[in-house]
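Observations on the model geometry
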Amino acid sequence: MQDSFLHKGKRRILVKYLKEKIGIKDERVLAAIDTVPRHFFMESVFLDYAYEDRAFPIAAGQTISHPSTVAEQTELLEIERSDKILEIGTGSGYQTAVLIAMGALVYTIERQKGLYDFSKQMFKKMNISPIHQAFGDGFEGLPFFAPFDKIIVTCGAGELPMALLRQLRVGGKMVIPLGVEEEQVLYRFTKISPTEFEKEQFGLYKFVPMLGNINK
Ligand code: SAH
């Protein structure tokens with residue numbers, strides 16, 4: 001896979017768009033998007049469009065999220081270097097790569113074997129690595145590795161996954177789209193004590209549904 005000057009140029013334009021039109025302010029998020037070749041994660045027929053603000057189909061009927069959605073979710077997480085992050089829905093691996101580029105320690109779960117395998121291979125090719133990559137059900141999280149500083153859910157959940165809130169450290173933040181309709185509301189939960197959360201609401205987004213474990 002090649003990351004040419006043309007790709008880099010297109011990324012720079014995308015970053016300018018995210019900054020000026022979408023309103024992304026976190027320079028660390030913008031720098032990560034400028035660094036990670038999104039076209040690596042997409043099927044060849046869509047390569048020409050990799051740096052437009054569009055979602056595209058990946059394997060198993062799933063999608064790679066809009067770059068603006070990746071940027072907004074990541075900004076809401078207020079990522080610091082060495083943050084321990086749980087990601088639900090590895091998908092193509094693009095969001096994972098953005099988090100790794102920001103210096104985060106990423107633990108990621110995907111329930112589709114095809115995507116788990118694809119992203120694993122891609123990380124290897126790119127010579128990057130999440131701390132832990134799991135094939136399983138995101139509703140359960142990764143209790144063995146908890147607590148996490150931040151949790152990002154990249155699929156729309158019908159109900160709030162309580163196990164994930166338990167796996168967040170006090171002071172930690174979880175960004176999650178909630179709702180079963182066509183569109184979901186993006187929420188940020190901040191854990192202020194072992195049993196208390198502050199809940200903030202952001203705009204409407206379109207995510208693929210968060211589904212239970214495929215093997216059950
Ligand atoms: N960040 C990814 C988004 C992929 S779409 C990207 O940019 O490519 C959301 C992903 O969540 C899909 O790959 C889907 O298979 C996965 N998913 C859905 N329900 C899940 C669950 N219960 N546990 C883990 N992953 C899940």
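The model shown is predicted, which means the values in this text are computed figures rather than measured ones.

1. What about the site of the ligand?
Taken together, 25 residues are adjacent to the ligand, and Ser92, Glu110, Asp137, Gly138 and Leu211 come closest. Here Glu110 contributes a side-chain N or O atom positioned 2.6 Å from an oxygen atom of the ligand. In isolation the ligand offers 570 Å² of accessible surface; the protein chains occlude 99% of this area. Using a 2 Å cut-off from the grid points, one finds that the ligand occupies the largest pocket. When residues of the shell around the ligand are traced back to their parent elements, those giving at least two are strand S2 (63-64) and strand S4 (105-110). A per-class count over the shell around the ligand returns ten nonpolar, twelve polar and three charged.

2. A closer look at helix H4 (residues 94-101)
Burial of H4 is extensive: seven of the eight residues sit out of reach of the surface. Restricting attention to buried positions, one finds in H4 the residues Tyr94, Gln95, Thr96, Ala97, Val98, Leu99 and Ile100. Downstream of H4 by one or two residues, Gly103 has phi in the positive range, about 85°.

3. A short note on helix H3 (residues 67-76)
Since there are 3.6 residues in each turn of an α-helix, residues three or four apart along the chain are aligned in direction. With eight of ten residues buried, H3 is to be regarded as a mostly interior element. Buried within H3 are the following residues: Pro67, Ser68, Thr69, Val70, Ala71, Gln73, Thr74 and Leu76. The positive-phi residue at the C-terminal boundary of H3 is Glu78, with phi of around 50°.

4. Topic: the pattern of salt bridges
Taken as a whole and assessed by the stated rule, the structure comprises 13 salt bridges. Of the charged contacts, one joins Arg12 and Asp34 as a salt bridge, the two residues approaching to 4.0 Å between their closest N and O atoms. Remark: Asp34 occurs in helix H2 (residues 27-35) and Arg12 occurs in helix H1 (residues 5-22); sequence separation between them is 22 residues. Owing to a relative accessible area of 26%, Asp34 belongs among the partly exposed residues under this scheme. Counted as one network, the salt bridges with shared partners bring together Asp26, Arg28 and Glu80.

5. Brief notes about the sheet that holds strand S3 (residues 84-88)
Pairing is mixed in the open sheet, where seven strands are placed in the order S5-S4-S3-S6-S7-S8-S9. Since the sheet does not close on itself, it has two edges, and those belong to strand S5 (132-135) and strand S9 (196-205), each with one partner. Ignoring strand direction, the axes of neighbouring strands in this sheet form an average angle of 15°. Sheet topology places strand S6 (residues 148-153) next to strand S7 (residues 168-178); four bridges connect them, and they run parallel. Paired with Ile151 across the strands is Met174, a residue of S7. Strands S6, S7, strand S8 (184-193) and S9 of the sheet are contacted by H3, whose axis makes an angle of about 155° with S7. Across the sheet, helix H5 (residues 113-126) is in contact with S4 and S5; its angle to S5 comes to roughly 160°.

6. Re the UniProt feature "active site" (unreviewed entry) in the protein
Using the residue numbers shown here, the UniProt feature "active site" (unreviewed entry) corresponds to Ser65. Excluding residues within four positions of it along the chain, Ser65 makes contact with Arg38, Arg54, Ala55 and Val70.

How each quantity is defined
Residues numbered from 1 in each chain as written. Predicted model: local features only at pLDDT ≥ 70, side-chain atom pairs only at ≥ 80, totals over all residues. Heavy atoms only, no water. Near = heavy atom within 4 Å. Polar contact = N/O pair within 3.5 Å; in protein donor to acceptor, adjacent residues only side chain to side chain. Areas by Shrake-Rupley, 256 points an atom, 1.4 Å probe, with all protein chains shown as cover. 1 Å grid on protein atoms, 1.4 Å probe; cavity = no way out; pocket = protein on both sides within 12 Å on 5 of 7 lines; lining within 4 Å. Sits in = over half its atoms within 2 Å of the grid points. Helix = DSSP H or I, 4+ residues; strand = E, 2+ residues; numbered from the N terminus. Nonpolar A, V, L, I, M, F, W, Y, C, P; charged D, E, K, R; others polar. Buried < 20%, exposed > 50% of the residue type's maximum accessible area, 1.4 Å probe, protein only. Salt bridge = Lys/Arg side-chain N within 4 Å of Asp/Glu carboxyl O. Pairing = 2+ DSSP bridges. Axes fitted to C-alpha atoms, helices over the stretch in contact; angles between N-to-C directions. Contact = heavy atoms within 4.5 Å. UniProt positions renumbered as here; feature names shortened; annotations may be inferred.

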